[in-house]
Amino acid sequence: MGLEDQAETAGLDFIRSIVATDVASGKHGGAVVTRFPPEPSGHLHIGHAKAICLDFGVAAEHGGRCHLRFDDTNPTREEGEFVEAILRDLRWLGFDWGEYLYYASDYFERLYDYAVELVGRGKAFVCDLSSEEIAARRGTLTEAGTPSPFRERSVEENLDLFARMKAGEFENGERTLRARIDMASPNLVMRDPILYRVHKVPHHRTGEQWCIYPLYDFAHCLSDSVEGITHSLCSLEFVDRRALYDWILDALETPCHPQQIEFARLNLSHTVMSKRVLREIIEAGHVEGWDDPRMPTLSGMRRRGYPPAALRSFCEGVGVAKRANTIEMARLEHSVREELNRTAPRAMAVLDPLRVVIENYPEEDEELEAVNNPEDPSAGTRRVPFSRELFIERADFMEDPPKKFFRLAPGREVRLRYAYFITCEEVVKDAEGHVVELRCRYDPATRGGDAPDGRKVKGTLHWVSQRHAVRAEVRLYETLFEVEDPMDVPEGGHFLDHLNPDSLRRLEDCALEPALAAAEVGSRWQFERQGYFCLDGRSTPEAPVWNRSVTLRDSWAKVSGKRKG
RNA sequence: UGGGGCGUCGCCAAAUGGUAAGGCAGCGGCCUUUGGAGCCGCCAUUUGUAGGUUCGAGUCCUACCGCCCCAGCCA
């Protein structure tokens, strides 16, 4: 390689290094064409997001393109409904495939022709063995398989039989088309793999047109080649299949031979990525569906209020390598906070209201000015109504506070954010001794939150005027599972045993500041001192529902948690 | 025990034979009209283990150990 061909690869992940090197050396004519190939059999999840960011990212970095191709070769699992969901999620995540939208099913005719060509070259045969018989002859990890008795059929007979498979003369499972490779291969994938099977099932796009369908191994490499893909990126469990990918492309006359490169898929702690498992959780009724805010799906995260930019930055941040990995949930939450801190307007909301009466405050209301986003001056300010009767957070008052509790307590003075200093004069309790109301006094000189005499208070509380409050339901979420690895199940146990019983907590009677009445569905806000919240997609103006996306980092929780031991 | 992939801080991850980046988490501190944000500091004498080559090894060689994937007519 000449000096001029050398690519600068320092700091790049191993895939980007390969691609940069290929581009520099003029391989594939310097082009970069990737593809994202989802199977429409479920919703996209955060693990897919990593692949999406990689596929589209690598292409964009070289002025190339990324195709979106639905890998819809198995009509028994796939549905058009999922195609729509995937399209929606991809757009939401912020990616654009332009005109390059494809379906593997678009290639059925062409793939059939390739299969015929393979048969003609003596490299594939029609096998009459049943599924069980094929399995029995596959051999084991340490023993070679035994060839099918149909392996030596003539090209003519194979051609005839394959045509009859296509014509519908055989029932499901009666015949398969198999590659003629090596039943003794140490790589199980190469032991005469099945290329086509009979599935008399309507397809979501081709309807009843076909009753034979290609398998992944046959359809994928050829689809890549037909589309002129240069780098076919996939996850590590496909490493063994690369031999077959290459074998098929070498066995046929194809437009090009893309390079398959495998990387480690993303795993997230406290959740699962398996579609099968997610489906099981849904079907058992433990969540509302694919878009439940506790799900690791893109639709779930959207509903939860995670911004797409946060997901992208998370995916870029975790990197690309070949080592099995489990990213801590805390890291995802970090990305979400980082984005929302910059962009979310602030508001005040009292989730667990405790009534406060300011005894020396007049009957007339007033409006105070509040900053919309201290991180973004252009977000401006708003007016918040203040009155004699307020709500504060129940957790912001303690009758007998511990040492480091800086909030309200009998005789203590605190600041009400953007409003006044107040002092608690009296605690009103009900018959059972529960605190039901606080009687306080305010200092009119502290309007806006500063004392002209320079005295300081340690605590600042959020509040909402009772009369002006918007009532709403707020849903607090925790991780779906209470353990890091839900699939690590003890003997006789089940992963559902690890479900977190507190993953959803509904607070039905929260009090929000009036500005929140005008919030748009899907909009993301910071409720000051508490976290980031998103107005649920199924919310109505009459019955607003807010989802907590993530809490604010809470150093008091840490201190109080330590106290409890 | 066949084949393949992988072992660098609790979790990710750089380092391309020249003397272990960075992020997350954690821990101290500063600041604060969000106990938020921000800021400062601490956090691998050592890269799974043992040998070897080399002036020099996370990088090269040998052996061992551990983890993950593969026996769907799923993708």
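Residues numbered from 1 in each chain as written. Chains lettered and ligands numbered in written order. Predicted model: local features only at pLDDT ≥ 70, side-chain atom pairs only at ≥ 80, totals over all residues. Heavy atoms only, no water.

Draft legend 1. A look at the protein's contact with RNA strand B. Around RNA strand B, 68 residues are found, and the nearest of them are R346, F406, G448, G449 and Q526. E375 places a side-chain nitrogen or oxygen 2.9 Å from a sugar or linking oxygen of RNA strand B. Residue R407 places a side-chain N or O atom 2.7 Å away from a base nitrogen belonging to RNA strand B. Elements supplying a minimum of two residues to the surface near RNA strand B: α5 (131–137), β6 (194–198), α12 (329–343) and α13 (555–564). (Near = heavy atom within 4 Å. Polar contact = N/O pair within 3.5 Å; in protein donor to acceptor, adjacent residues only side chain to side chain. Helix = DSSP H or I, 4+ residues; strand = E, 2+ residues; numbered from the N terminus.)

Draft legend 2. Here's a closer look at the state of the cysteines. Evaluation of the coordinates by the stated rule reveals zero disulfides. Of the cysteine sulfurs around C53, a residue in no disulfide, the closest is that of C315, at 4.2 Å. On the basis of relative accessibility, which here comes to 4%, the residue C53 falls in the buried class. C256 provides the cysteine sulfur closest to C221, a residue in no disulfide bond, and the two sulfurs are 11 Å apart. (Disulfide = S-S within 2.5 Å. Buried < 20%, exposed > 50% of the residue type's maximum accessible area, 1.4 Å probe, protein only.)

Draft legend 3. How the structure looks around a negative patch on the surface. A cluster of like negative charges, contributed by E328, E484, D485 and D488, occupies part of the molecular surface. Tracing the sequence through the fold places D485 in the loop between β21 (470–477) and β22 (504–512). (Patch = residues over 30% accessible without salt bridge, like charges linked within 9 Å, V, L, I, M, F, W, Y side chains within 5 Å. Areas by Shrake-Rupley, 256 points an atom, 1.4 Å probe, with all protein chains shown as cover. Salt bridge = Lys/Arg side-chain N within 4 Å of Asp/Glu carboxyl O. Lys, Arg positive; Asp, Glu negative; His and termini not counted. Charge placed at Lys NZ, Arg CZ, Asp CG, Glu CD.)

Draft legend 4. Expanded view of the packing of helix α1 (residues 14–25) against helix α2 (residues 46–61). The contact between α1 and α2 brings their axes to 11 Å, and the two run at 30 degrees. Between α1 and α2 lies a crossing of right-handed hand. Counting all contacts with α1, which are made through I15, R16 and V19, the residues of α2 involved are L54, G57, V58 and E61. Across the contact of α1 with α2, the residue classes tally to four nonpolar, one polar and two charged. (Axes fitted to C-alpha atoms, helices over the stretch in contact; angles between N-to-C directions. Left-handed = near helix turned anticlockwise from the far one by under 90°. Contact = heavy atoms within 4.5 Å. Nonpolar A, V, L, I, M, F, W, Y, C, P; charged D, E, K, R; others polar.)

Draft legend 5. Spatial organisation of helix α4 (residues 108–120). Taking 1.5 Å as the rise per residue, α4 with 13 residues should run 18 Å; its terminal C-alpha atoms sit 18 Å apart, in good agreement. One or two steps after α4, the chain reaches G122, where phi turns positive at roughly 75 degrees. (Expected span 1.5 Å × (residues − 1).)

Draft legend 6. Region of the structure containing the pairing of strand β8 (residues 231–235). The element β8 is largely enclosed, with a buried count of five among its five residues. A two-sided burial pattern is seen for β8, the buried positions comprising H231, L233 and S235 on one face and S232 and C234 on the other. Where β8 and strand β9 (residues 259–263) come together, five bridges link them in parallel fashion. When the sheet's bridge partners are listed, H231 is paired in β9 with Q259. For the segment spanning β8, helix α8 (residues 242–251) and β9, crossover handedness is right-handed. (Pairing = 2+ DSSP bridges. Right-handed = clockwise from strand over helix to strand, strands pointing away.)

Draft legend 7. Representation of the sheet that holds strand β18 (residues 435–443) within the structure. Overall, mixed pairing links the seven strands, which are arranged β19-β16-β17-β18-β12-β15-β20 in an open sheet. The open sheet has two edge strands with one neighbour each: β19 (460–461) and β20 (463–465). Inspection of the sheet shows strand β12 (residues 353–358) paired to strand β15 (residues 389–393) by five bridges, in the antiparallel sense. By the bridge assignment, V357 is partnered in β15 with E389.

Draft legend 8. A look at the packing of aromatic side chains. Enumeration according to the criterion identifies 20 aromatic pairs in this entry. Ring centres 5.6 Å apart and planes at 75 degrees place the aromatic pair F108 and Y213 in the edge-to-face group. Pair noted here: F108 is in helix α4 and Y213 is in strand β7 (residues 212–214), with a separation of 105 residues, a long-range link. For F108, a relative accessible area of 2% puts it in the buried group. Residue classification places Y213 among the buried positions, given a relative accessible area of 0%. Centroid distance Y361 to Y442: 5.0 Å. Interplanar angle 65 degrees. Geometry classified as edge-to-face. Separated by 81 residues along the polypeptide, Y361 in the loop between β12 and β13 (366–371) and Y442 in strand β18 bring together distant segments of the chain. Judged by relative accessible area, Y361 falls into the buried class, the value being 5%. Here Y442 falls in the buried class, since its relative accessible area comes to 12%. Put simply, the rings of F108, Y112, F162, Y196, W210, Y213 and F218 touch in pairs and so form one group of aromatic residues. (Phe/Tyr/Trp six-rings, centres within 6.5 Å; stacked < 30°, edge-to-face > 60°.)

Nothing here speaks to function; it is all geometry.
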